[in-house]
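A closer look at the structure
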Amino acid sequence: MPSDPSPVLNPATPGGPVRTTVGATGSEFDTTKARKQSTLIIKRFLRHRLAMASLVVFLLIAAFGFLGPLFWTVSIEDTSSRGYLPPSAEHPLGTIQTGKDMLAQLIVGTRLSLAISLVVAIGSTVVGVVMGTLAGYLRGVVDSAISRFVDLMLIIPQIAVAAILVRALSGSWYVVALILAAFAWMQTARITRGETLSLSQREYIEAARAAGAKTRWIIFRHLVPNMVGTITVNTTLAVATAVLSEAALSFIGLGVQSPDTSLGLIINENYSQITNRPWLFWGPFVIIVLISLAVNFIGDGLRDAFDPRQTKVRS
Amino acid sequence: MIRYIIRRVLISIPILLIGSVLAFFMVAGAGNPLAELKAKPGTTPQQIADLEASLGLDQPIIVRYWRWLLDFLQGDWGQSIALGQAKVEVFDSVMRALWITARLVVGAEILAIVLGVTVGVIAAVRQYSIFDYLATSAAFLMFSMPIVCVAIILKTYGIQFNNVLQDLGFDRWLSTVSPAEGGFQGSFGEVVFQYTGTYLLPTLSLTLISFAAYSRFQRASMLETLNSDYVRTARAKGISQRRVIFRHAFRNALIPVSTLFSLNAAVLFSGAIITEAVFGWRGMGALLVSSIRTFDPYMLMGWLMVTAALVITFNLVADVMYGILDPRIRLA
């Protein structure tokens, strides 16, 4: 791929369909600008309406969590009000049992739930990709060791181990995030291992090795860039899984703990009010479902953008 | 096939063993089961020391592991260190809890597979029909739902449904508590009534979550086989639509779905923990939560080993199914 794009010689069709001129080598015969792979992928993603709408929803929720404190300055520690106040100008979503402001709870909960899932998604992707590519590229003993380790990690339900560790360590949001990440990388490792096994048979890897490239160079310069589609889609979906795992863990009381809060913990604290004060339950519930739905749709859009051949079969 | 199964079982023994070492260190390092007692006023250091000695807690961790392992293999899984109650045998409590959870999980899994596969096949055969859109969006929605909330919502409306039943002069049907100890009593009709009432809501909430994964997966894999060359050939030969779908496309579309079955095992158990927490069942979920709260080491070890063995069994069953469904795969 040339780094500097050749000039547009036919300005009549800017942004029109890509026309490739087979056999025309001189620049005067070029009709379209050379495009980078990444530009094409971004364009395809932007055309995916559902994914774009989901991206907007996701950004709005993120803005609510991360920028919310700028506009709503009530502290989540403030217990000066009475418990279970109905919605009013002072407390737009009322208060919870302890007299804390529900809107402030939701803002912090959304922020920490999102932060946890992003840490989990990125952390598990990094570990999973390194493990998977090492196993798939080095084969032999390393492969067996890593694969058996993955098998080992998969035999105990994630939520059980995570709950034990949270109880042992602490319920701060970042501890919960790291623990969840430590038990979420196995799927990514399996997928990247499989892909590495097939990619490392290609000629360009062989050529790189013949040229004396080191393992680290081959993995990060040749293998990972060629799996970037799979990895990105997987990371996106990991965000959705992490939001749901966090909710489950915090619900049984072995996840995020006070003074931190999260969407799961808010549900845990308020679900008994589902019939009397429904907004206390449905608020965090709707945010969780929206995050998870939006992220799944974004993942779908990314998959289509990275691999347009798959668009025919939508699942 | 038999040789393959034996080999797989033999391979899983070292995995379970290494797993048990890691689990034991994690559980032992997690916290002191006697911490609560120590904090209690009126307990002398002598009492604590005696208790520690009787429970073997004063030994080095390696020694404790070795003792636990020897006892465990001989069927003595140790006793619970829950304070203030009579000593409880770990084996009995885990098995009792497992029996409750297993009935829930197995029922939900079977329902989810049957429903998910059926809906997935219909959605694929009638691609882009209203049914397809409804099924696909329902699956997508369920896939994004936290199981906690599904269970809470079902429980809430279950109670309201009961109230309506009562107003109409019927008995309250749906139960939102743990199944009674000692089983259901009464005539056959009453037992069926209690049984369905107790199991319906928890099973449904577990089913709905798994169903989403199965139907999405089945639809995608069915579409792939329906668009393949051999199905086109079968159609060209004049074979009836029905036979093409069931004989040619459906059978092959089941192959990738069987991998989901093994991946789903651990997910299902996690889901059961949450569902039980919502409905207050005294199954594996409640046992786990209470043992974690008290750092009950032998109870946790028993729990983890049983679950690990179950997940390994699930995986083995899935692999054997894979081999049966796809003769190209040789299990060796």
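This write-up is about the structure you can find in this document. (Residues numbered from 1 in each chain as written. Chains lettered and ligands numbered in written order. Predicted model: local features only at pLDDT ≥ 70, side-chain atom pairs only at ≥ 80, totals over all residues.)

Right, let's get into the overall build of chain B. Within chain B, the regular secondary structure consists of 12 helices and zero strands. Along its sequence from the N terminus, chain B presents helices and strands in the succession α-α-α-α-α-α-α-α-α-α-α-α. Counting only C-alpha atoms and orienting by the principal axes, one finds that chain B spans roughly 85 × 60 × 35 Å. Of all 332 residues assigned to chain B, the portion counted as buried reaches 36%. Within chain B, residue pairs in contact and separated by at least 24 positions form 73% of the contacts whose partners lie at least 6 positions apart. (Helix = DSSP H or I, 4+ residues; strand = E, 2+ residues; numbered from the N terminus. Buried ≥ 20, exposed ≤ 12 C-beta atoms within 10 Å, placed from the backbone. Contact = placed C-beta atoms within 7 Å.)

Attention shifts here to unusual backbone geometry. All names here are of chain A. Here the residue pair Ser 258 and Pro 259 is connected by a cis peptide bond, since its omega of 10° sits within 30 degrees of zero. With respect to the element layout, Pro 259 can be found in the loop between helix H10 (228-251) and helix H11 (263-270). Of note in the backbone geometry, Arg 139 takes a positive phi value of approximately 50° without being a glycine.

The tendency in soluble globular proteins is for nonpolar side chains to be buried side by side. Ranked by size, the top nonpolar core spans 147 residues in total, and within it Ala163(A), Leu180(A), Ile267(A), Val148(B) and Ile274(B) carry the most contacts. Sort the elements by how many residues they give to this core and helix H10 (residues 241-279) of chain B lands first, with 15 residues. (Core = buried A, V, L, I, M, F, W, Y, C linked by C-beta atoms within 7 Å.)

Further remarks concern the interface of chain B and chain A. Facing the 38 residues of chain B at the interface are 33 residues of chain A. Secondary structure elements with two or more residues in the side of chain B that touches chain A: helix H1 (2-30), helix H6 (130-143), helix H7 (147-167), helix H8 (188-226), H10, helix H11 (284-293) and helix H12 (297-325) of chain B. Partitioning the side of chain B that touches chain A into residue classes produces 28 nonpolar, seven polar and three charged. (Nonpolar A, V, L, I, M, F, W, Y, C, P; charged D, E, K, R; others polar.)

Closest axis-to-axis distance for the helix H4 (residues 140-154) of chain A/H1(B) pair is 10 Å, and the angle between their directions is 65°. Judged by the inter-axis angle, H4(A) sits roughly perpendicular to H1(B). Handedness of the crossing formed by H4(A) with H1(B): right-handed. On H1(B), the residues that touch Arg148(A), Asp151(A) and Leu152(A) of H4(A) are Ile15(B), Ile18(B) and Gly19(B). Of the residues assigned to the contact of H4(A) with H1(B), the class counts are three nonpolar, one polar and two charged. (Axes fitted to C-alpha atoms, helices over the stretch in contact; angles between N-to-C directions. Parallel < 35°, antiparallel > 145°, perpendicular 65-115°, else oblique. Left-handed = near helix turned anticlockwise from the far one by under 90°.)

Purely geometric stuff here, so don't read any function into it on its own.
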